[in-house]
Amino acid sequence: MSGDGNDGEDPDDTSETLDVDGDALAGVVDLFGALTREELERALEELAYKQGVDPPDPGVVDRATERYALVTYRTGEGDGESGEDGDGEVELLVPGPSAFPSLPPGAGDLPHIMDAVEREVDREAVERAAEERFRADVARALASGDDELVGRLLDVSYDLDAWGLDLAELRERLDDAREG
């Protein structure tokens, strides 16, 4: 027993983690139009390195997607790049309807650091993917009676309206569940 009272912890270990939220992730993705998950994680590693901190846990991307700050969609642009599945499709992340994209410090340099290509986004495909996911989430929320999810999806429905999607019928069902 050393008697120093630190219980095996390094007192000099003050490592911090890159602090990014859904808006910052959407901002990074927006720099390139769309990114694969692997490209976004690499971008976060680069930002963390530049700031002298640890990268965030990969769950940050999942949480942003869950909250509609990021939307995933599949595209047939496969050309051997990361994220490609056996059908030659690539799953891409794009800024979602609930995001207010903003750039974290140092993110403006990412296009010069990374070899990710700037992509044109198929807005119709993104909207279809967002609507399909929203419909599935609404069905899950209504079936489970999850009031928190119902409330969050109600908010997201207005964000999707701003994208031009007509989801009034689903919003009404969410309203009814909330009041019921």
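Everything below is about the structure printed above this text.
For clarity, every value in this text was computed on a predicted model and none was experimentally measured. (Residues numbered from 1 in each chain as written. Predicted model: local features only at pLDDT ≥ 70, side-chain atom pairs only at ≥ 80, totals over all residues. Heavy atoms only, no water.)

Q: Could you clarify how one ought to interpret the nonpolar core in this entry?
A: One recurring pattern in soluble globular proteins is that nonpolar side chains are buried together. One finds Leu-25, Val-28, Leu-40, Leu-70 and Leu-110 to be the most contacted residues of the largest nonpolar core, which totals 26 residues. Contributing elements (two or more residues each) for this core: α1 (22-32), α2 (37-51) and α3 (59-66). It is α1 that provides the largest number of residues to this core, a total of 6 residues. Contacts of Leu-110, omitting those with residues within four sequence positions, involve Val-28, Leu-31, Phe-32, Ala-43, Glu-46 and Leu-47. Within the second largest apolar cluster, 25 residues are counted, among which are Val-156, Leu-160, Trp-163 and Leu-167. (Core = buried A, V, L, I, M, F, W, Y, C linked by side-chain atoms within 4.5 Å. Buried < 20%, exposed > 50% of the residue type's maximum accessible area, 1.4 Å probe, protein only. Helix = DSSP H or I, 4+ residues; strand = E, 2+ residues; numbered from the N terminus. Contact = heavy atoms within 4.5 Å.)

Q: Explanation requested: helix α5 (residues 123-144) in the structure shown.
A: Since the α-helix advances by 3.6 residues per turn, residues separated by three or four positions end up pointing in the same direction. An ideal rise of 1.5 Å per residue puts 32 Å on 22 residues; α5 measures up with 31 Å between its terminal C-alpha atoms. Packing partners of the buried residues in α5 comprise β1 (70-75), β2 (90-95), α6 (147-162) and α7 (168-179). Directly beyond the C-terminal end of α5, a positive phi value near 70° is found at Gly-145. (Expected span 1.5 Å × (residues − 1).)

Q: Teacher, can you tell me more about the layout of surface pockets here?
A: Rolled over the atoms, a probe with the dimensions of a water molecule shows which regions are left empty. Reported here for the largest pocket is a volume of approximately 180 Å³. Lining the largest pocket we find Val-20, Asp-21, Gly-22, Asp-23, Val-60, Arg-63, Ala-64, Arg-67, Ala-69 and Ser-98. Counting only elements with at least two residues in the lining of the largest pocket, the list comes to α1 and α3. Ranked by residue count, the leading element in the lining of the largest pocket is α3, at 3 residues. (1 Å grid on protein atoms, 1.4 Å probe; cavity = no way out; pocket = protein on both sides within 12 Å on 5 of 7 lines; lining within 4 Å. Points joined across faces, edges and corners; volume = space filled by probe spheres on them.)

Q: Whenever I open this one, the packing of α5 against α7 confuses me. Can you help?
A: Angle between the axes and distance between the axes: these two values describe a pair of packed helices. Between α5 and α7, the shortest axis-to-axis distance is 11 Å and the interhelical angle comes to 20°. When the axes of α5 and α7 are compared, the pair comes out roughly parallel. Our pair here, α5 against α7, has a crossing hand that is left-handed. In contact with Phe-134, Arg-135, Val-138 and Leu-142 of α5, α7 contributes Glu-169, Leu-170, Arg-173, Leu-174 and Ala-177. In the contact of α5 with α7, the residues fall into 6 nonpolar, no polar and 3 charged. (Axes fitted to C-alpha atoms, helices over the stretch in contact; angles between N-to-C directions. Parallel < 35°, antiparallel > 145°, perpendicular 65-115°, else oblique. Left-handed = near helix turned anticlockwise from the far one by under 90°. Nonpolar A, V, L, I, M, F, W, Y, C, P; charged D, E, K, R; others polar.)

Q: For this particular structure, what's the right way to read the packing of α5 against α6?
A: Contact geometry of α5 with α6 gives a least axis separation of 10 Å together with a crossing angle of 155°. Accordingly, the angle class assigned to the pair α5 and α6 is roughly antiparallel. In this structure, α5 crosses over α6, and the sense of that crossing is left-handed. From α5, Ala-130, Phe-134, Asp-137, Val-138, Arg-140, Ala-141 and Leu-142 reach across to α6, where they touch Leu-149, Val-150, Leu-153, Val-156, Ser-157 and Leu-160. Across the contact of α5 with α6, the residue classes tally to 10 nonpolar, 1 polar and 2 charged.

Q: Even after reading the chapter, I still don't get the pattern of salt bridges, so can you show me in this structure?
A: A side chain of one charge can pair with a side chain of the opposite charge when the charged atoms of the two come close. Under the counting rule described, the total for this entry stands at 15 salt bridges. For Arg-74, the salt bridge is made with Glu-89, and the minimal N-O distance between the two is 3.2 Å. Of this pair, Arg-74 sits in strand β1 while Glu-89 sits in the loop between β1 and β2, and the two are 15 residues apart along the sequence. What makes Arg-74 partly exposed here is its relative accessible area of 36%. (Salt bridge = Lys/Arg side-chain N within 4 Å of Asp/Glu carboxyl O.)

Q: Looking at this structure, I do not really get the environment of Ala-24. What am I missing?
A: Relative to the helices and strands, Ala-24 resides in helix α1. Sequence spacing of Ala-24 and Pro-105 is 81 residues, and the spatial spacing of their C-alpha atoms is 9.6 Å. Apart from the residues within four sequence positions on either side, Ala-24 is in contact with Ser-102 and Pro-104.

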